[in-house]
Amino acid sequence: MNKKLSSLICIVLIIIISVPIISIAFAGKPDKGPIEKKVFIHRIKPDNPGKPPKPDGRGKEWYKYSGIHWASTNLPVTYIVDTELDYGIIETSFETWDDEISTVLLFEGVQGEVTAGIIDGINALSYGDYPDAGVIAVTYILYYSYTGEIIEVDTLFDTDYIWGDATGNPDVMDLQNIATHEFGHWLVLDDLYNRPARQQTMYGYGTYGEIIKRTLESGDIAGIQKIYGE
Ligand SMILES: [Zn+2]
């Protein structure tokens, strides 16, 4: 067999073998779909918030699950707390949720210089100025639309408000209170606006001096345990 012919056979063989291997590799990677953004805006409480309770609403476990989720390979989720924020309070707020699930450690934080609200692959928490009035905090979730897998989550605490510890000081926006609510979104719970749900941490409005959201209520716990197990 001449040299040219044998090398041609070699090339043909390589192509015949590699084409199925390449297609198997791609077939194994499902298309996760375009990236979408979900934005939760925590607004100041209006004078008459929510809708009137439905007659059958009593005794219901109040929570709403968005259906998007962290990939199990991403756990625990690493987050960065900007140096301007009180790291201890943020950590306590995350632990409030983590404490209700025994199976997995969901979040692990570090402190650094970050800006929330920009797409950079970092799960960031920081103060910042949101352009609309009446907005206390905003949580952004980026996810793949077909699989619902989360790519990045950021939370911005609006500098329009004076932040602090509202225990005994009703004139500040309580950081732990609002952070605990926002981390419910990190765990993919949605806001609740019905009046019977106003004691729940995932109730969608907040106000100065409020500290009720620092602790979880029955619906919050039922929701997180439904998603992540007890
Ligand atoms: Zn919210």
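Owing to the predicted nature of the structure, the values given are computational and were not obtained by experimental measurement. (Residues numbered from 1 in each chain as written. Predicted model: local features only at pLDDT ≥ 70, side-chain atom pairs only at ≥ 80, totals over all residues.)

Looking at the overall build of the protein chain
On a plain count of helices and strands, the protein chain comes out with four helices and nine strands. In the protein chain, the order of α-helices and β-strands from amino to carboxyl end is α-β-β-α-β-β-β-β-β-β-α-β-α. Buried positions account for 33% of the 230 residues belonging to the protein chain. For the protein chain, the proportion of contacts with a sequence separation of at least 24, taken over those separated by at least 6, is 74%. (Helix = DSSP H or I, 4+ residues; strand = E, 2+ residues; numbered from the N terminus. Buried ≥ 20, exposed ≤ 12 C-beta atoms within 10 Å, placed from the backbone. Contact = placed C-beta atoms within 7 Å.)

A word on the sheet that holds strand β2 (residues 77–82)
Taken together, seven strands build an open sheet; the order of strands is β3-β2-β4-β6-β5-β1-β9 and the sheet is mixed. At either margin of the open sheet sits one strand with a lone partner, and together these are β3 (107–112) and β9 (205–206). Both β2 and strand β4 (residues 124–128) contribute to a ladder of two bridges, which runs parallel. Bridging from a neighbouring strand, I80 pairs with A124 of β4. Sheet contacts for helix α2 (residues 87–98): β2, β3 and β4; angle to β3, the most-contacted strand, approximately 170°. (Pairing = 2+ DSSP bridges. Axes fitted to C-alpha atoms, helices over the stretch in contact; angles between N-to-C directions.)

Regarding the nonpolar core
The biggest cluster of nonpolar side chains holds 43 residues, and the ones touching the most others in it are I90, L125, A137, I178, A179, F183 and L187. Contributions of two or more residues to this core are made by β2, α2, β4, β5 (135–144), β6 (150–158), α3 (175–186) and α4 (218–228). Among the elements that take part in this core, β5 stands out by supplying six residues, more than any other. Beyond its immediate stretch of four places on either side in the chain, A137 contacts H42, T155, L156, F157, D158, I178 and E182. (Core = buried A, V, L, I, M, F, W, Y, C linked by C-beta atoms within 7 Å.)

Section: the environment of E182
Tracing the chain through its elements places E182 in helix α3. C-alpha separation for the pair E182 and T155, spaced 27 residues apart in sequence, amounts to 7.2 Å. Leave out the neighbours within four places in its chain, and E182 touches H42, A137, T139 and T155.

Focus: the environment of A133
Relative to the helices and strands, A133 is located in the loop between β4 and β5. In this structure the C-alpha to C-alpha distance between A133 and D160, which are 27 residues apart in sequence, comes to 8.1 Å.

Quick word on unusual backbone geometry
Positive phi outside glycine occurs at V188, with the angle close to 70°. By secondary structure assignment, the location of V188 is in the loop between α3 and β9. Owing to 23 C-beta atoms within 10 Å, V188 belongs among the buried residues under this scheme.

Regarding the pairing of strand β1 (residues 35–44)
As defined by bridge partners, β1 adjoins β5 across nine bridges and the pair is classed as antiparallel. Bridged to R43 within β5 is V135. Examined bridge by bridge, β1 and β9 share two bridges and lie parallel to one another. Paired with I44 across the bridge in β9 is G206.

What about the confidence of the model for the protein chain?
Model confidence for the protein chain is summarised by a mean pLDDT of 85, while 80% of its residues fall at 70 or above. The low-confidence segment residues 19–28, where pLDDT is below 50, has zero contacts with residues more than four positions distant or belonging to other chains. Note on residues 52–59: pLDDT is under 50 here. Beyond four places in sequence and across chains, it has seven contacts. (pLDDT = per-residue confidence, 0-100.)

Brief notes about α3
With twelve residues, α3 should reach 16 Å at 1.5 Å per residue; the first-to-last C-alpha distance of 16 Å fits that figure. Burial analysis of α3 places twelve of its twelve residues in the buried class, which makes it a mostly covered element. All of the buried residues in α3 are L175, Q176, N177, I178, A179, T180, H181, E182, F183, G184, H185 and W186. Two residues or fewer after α3 comes V188, characterised by a positive phi angle close to 70°. (Expected span 1.5 Å × (residues − 1).)

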